[in-house]
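One-letter residues, chain by chain:
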Amino acid sequence: MTDAAPLKLFNSLTRQLEAFQPVHPGEARVYTCGPTVYNFQHIGNMRAYVFADTLGRTLSYKGYKLRHVINITDVGHLTSDADAGDDKMEKAAAQQGKSAWDIAKFYTDAYWADIERLNIRQPFQWSIATDYVPRMIDFAKSIADKHCYELPSGLYFDTSTVPDYGRLARAATEEGEGRIESVEGKRHQADFAIWRKTPEGETRQMEWDSPWGRGAPGWHLECSVMSEALLGLPFDIHTGGIDHREIHHPNEIAQNQAFSGCGSLTCSENSGARMWMHNNFLIDRGGKMSKSTGDFLRLQVLVDRGFHPLAYRLLCLQAHYRSELEFNFDNLAAAATRLKRLVMAVAQVRAQGSATSDVSDPRLQDLLARFDAAISDDLNTAVALTLLDDAVALKKVDIGQKLAALARMDAVLGLGLLTLDRADLRVRPANAQTTAAEIDAELARRKDARANKDFATSDAIRDALLAKGVEVMDGDPLGWDWKLDV
Ligand code: AMP
Ligand code: ZN
């Protein structure tokens with residue numbers, strides 16, 4: 001175990017790098033805000049889960065027993081982060097003419113498929129919000145008297161009843177994104193609904209009885225309750241995208257403070273998690289990638305254009321999670337080429353032997369120690385990747401040890417280097433007119449023609465392939481004999 005460097009992580013709560021000190025010795029308990037399943041996740045959303053997975057893999061690699069929970073929000077998230085607007089699920093159901101439950105199932109399955117394609121490990125538990133509604137009602141009951149007030153539209157949390165409300169947010173509390181819409185009767189603009197009553201004369205597809213009338217839980221309540229239920233308070237790390245630092249997480253913290261009854265935020269125990277970590281946005285030329293802009297990029301779009309999903313994972317790892325990352329297809333193509341080189345080089349090593357259990361070669365030990373230092377430095381995956389490159393390039397070294405070192409690195413990076421082959425990376429673009437088997441058969445025919453010095457046939461085959469979008473690459477340094485152009 002290369003655990004020499006102490007693991008330091010950036011805590012958004014203190015805005016500092018802090019040494020990771022688990023609440024329960026030897027264990028790491030992590031909660032990740034998951035998707036609202038009213039639509040597909042775009043690749044920006046998936047960056048948040050690649051980050052959480054890298055964090056989880058790092059904690060496992062450092063020897064902690066990982067207990068990771070990711071939630072699925074299938075009720076309660078409104079179209080606006082303020083307390084007005086429709087429930088995203090009910091709105092999508094109405095638009096698509098399906099039940100809210102069917103919508104939730106369909107998009108949860110689509111999300112899980114993307115999780116698998118990005119080599120994101122299964123968490124200890126997926127928590128589904130609608131499974132926890134009775135517990136949410138109990139939680140709300142326990143804080144209602146001291147911290148909440150009722151309005152005709154529901155039960156609201158009074159943010160002035162907890163110290164330091166909004167300390168996590170960068171903006172002053174009342175200025176955060178999405179705080180503009182207000183609900184009549186709220187005591188403070190930042191107050192938020194923890195239970196929303198179904199309006200008089202209406203029925204919602206997803207609604208439950210509660211002491212405050214029939215209705216549905218607020219989105220912030222869900223995460224407080226599920227994290228407390230599955231990880232206990234306090235737990236170690238809470239993650240999400242940087243937008244959650246402004247409203248959703250400050251509101252979770254306020255509820256956790258109320259629930260655990262402990263005073264100021266300097267008591268890390270009562271904010272719920274000791275550390276709050278946030279990934280920055282994936283942006284494109286137009287700015288932050290979002291679902292509201294209609295046509296948005298999801299993983300399947302990249303696959304349809306002939307890119308292996310792990311090329312996107314590599315693209316994410318090339319940037320630090322706290323930096324903005326600009327997406328464009330040129331960057332993705334460069335990441336795909338880097339992945340191909342890695343996969344082919346590691347496959348060659350694999351072909352020559354199997355991993356040893358120890359790594360005693362001093363050059364490999366040195367690379368592993370530097371890899372450990374990089375990943376322990378707030379998950380510096382960009383540097384870790386260059387050390388992986390160095391390990392791959394190392395010559396005159398015991399093959400078994402080299403493979404063992406590469407395996408340790410890939411356990412953190414999750415690029416599938418121990419199982420992928422170059423053929424796996426040939427993703428057939430959706431609009432390609434031919435199959436890989438057909439291309440290979442044609443190329444075999446072309447090879448024979450060239451061996452017989454029948455250059456006319458050989459050229460004709462190449463031109464016919466080109467017409468179908470297949471570029472034949474004679475003498476390609478990467479050893480790719482063909483590629484599909486789209
Ligand atoms: P949502 O389904 O909207 O609740 O978002 C799921 C996750 O994706 C949350 O952690 C968001 O903070 C995160 N997220 C949303 N947009 C982006 C983006 N463009 N880049 C990175 N993360 C994002
Ligand atoms: Zn959440």
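Starting from 1, residues in each chain are numbered consecutively following that chain's sequence as written. Chains and ligands are labelled by the order in which they are written, letters from A for the one and numbers from 1 for the other. Given that this is a predicted model, residues contribute local features only at a pLDDT of at least 70 and side-chain atom pairs are listed and counted only at 80 or more, while totals for whole chains, interfaces and linings are drawn from all residues. Calculated side-chain values reflect all of the structure's heavy atoms, with hydrogen atoms and water omitted.

(A) Structural context of the coordination of the zinc ion (ligand 2). A 2.8 Å cut-off from the metal defines N, O and S donors, relaxed to 3.2 Å for Na, K and Ca; water is not in the atom list, so some sites may appear incomplete. Every protein donor of the zinc ion (ligand 2) is accounted for by Cys33 (SG), Cys223 (SG) and His248 (NE2), and the metal-donor separations fall at 2.1 to 2.2 Å. All donors of the zinc ion (ligand 2) come from a single chain, and their spacing in sequence reads C-x189-C-x24-H. Separated by 25 residues along the polypeptide, Cys223 in helix α5 (residues 219–231) and His248 in helix α6 (residues 248–260) bring together distant segments of the chain. In terms of burial, Cys223 and His248 fall into one category: buried. Numbering goes from the N terminus for both helices and strands, where a helix is a DSSP run of H or I of at least four residues and a strand is a run of E of at least two. Exposure classes here rest on a 1.4 Å probe applied to the protein chains alone. A residue is buried below 20% of its type maximum, exposed above 50%, and partly exposed in between.

(B) The sheet that holds strand β3 (residues 27–32), seen in detail. One open sheet holds the five strands; their spatial order is β5-β4-β3-β10-β11, and the pairing between them is parallel. Both outer strands of the open sheet, β5 (125–128) and β11 (273–279), are each paired with one neighbouring strand and no more. Averaged over all pairs of adjacent strands, the angle between their axes in this sheet comes to 25°, without regard to strand direction. Across six bridges, strand β10 (residues 235–241) lies against β11 in parallel orientation. From the neighbouring strand, Ile237 faces β11, where its bridge partner is Met275. Any two strands between which DSSP finds at least two bridges are classified as paired. Axis geometry follows a simple rule: fit a line to the C-alpha atoms, using only the stretch in contact for helices, then measure angles between N-to-C directions, giving values from 0 to 180 degrees.

(C) Representation of the site of ligand 1 in the model. Around ligand 1, the structure places 21 residues, and the nearest of them are Gly44, Asn45, Gly241, Asp243 and Leu282. Between ligand 1 and Leu282, the relevant distance is 2.8 Å, taken from a nitrogen atom to a main-chain nitrogen or oxygen of the residue. Here ligand 1, which alone exposes 490 Å², has 96% of that area covered by the protein. Counting residues per element, the ones that place at least two in the shell around ligand 1 are α1 (43–61) and β10. Looking at side-chain class alone, the shell around ligand 1 contains six nonpolar, 12 polar and three charged residues. By convention in these notes, a residue is near a molecule or strand provided one of its non-hydrogen atoms lies within 4 Å of it. Two N or O atoms count as a polar contact when they lie within 3.5 Å, although within protein this holds only if one can serve as hydrogen donor and the other as acceptor, and sequence-adjacent residues are included solely when both atoms are side-chain atoms. Per-residue accessibility takes into account occlusion by the displayed protein chains alone, with areas from the Shrake-Rupley method and a 1.4 Å probe. Under this grouping Gly is polar, as are all residues other than the nonpolar Ala, Val, Leu, Ile, Met, Phe, Trp, Tyr, Cys and Pro and the charged Asp, Glu, Lys and Arg.

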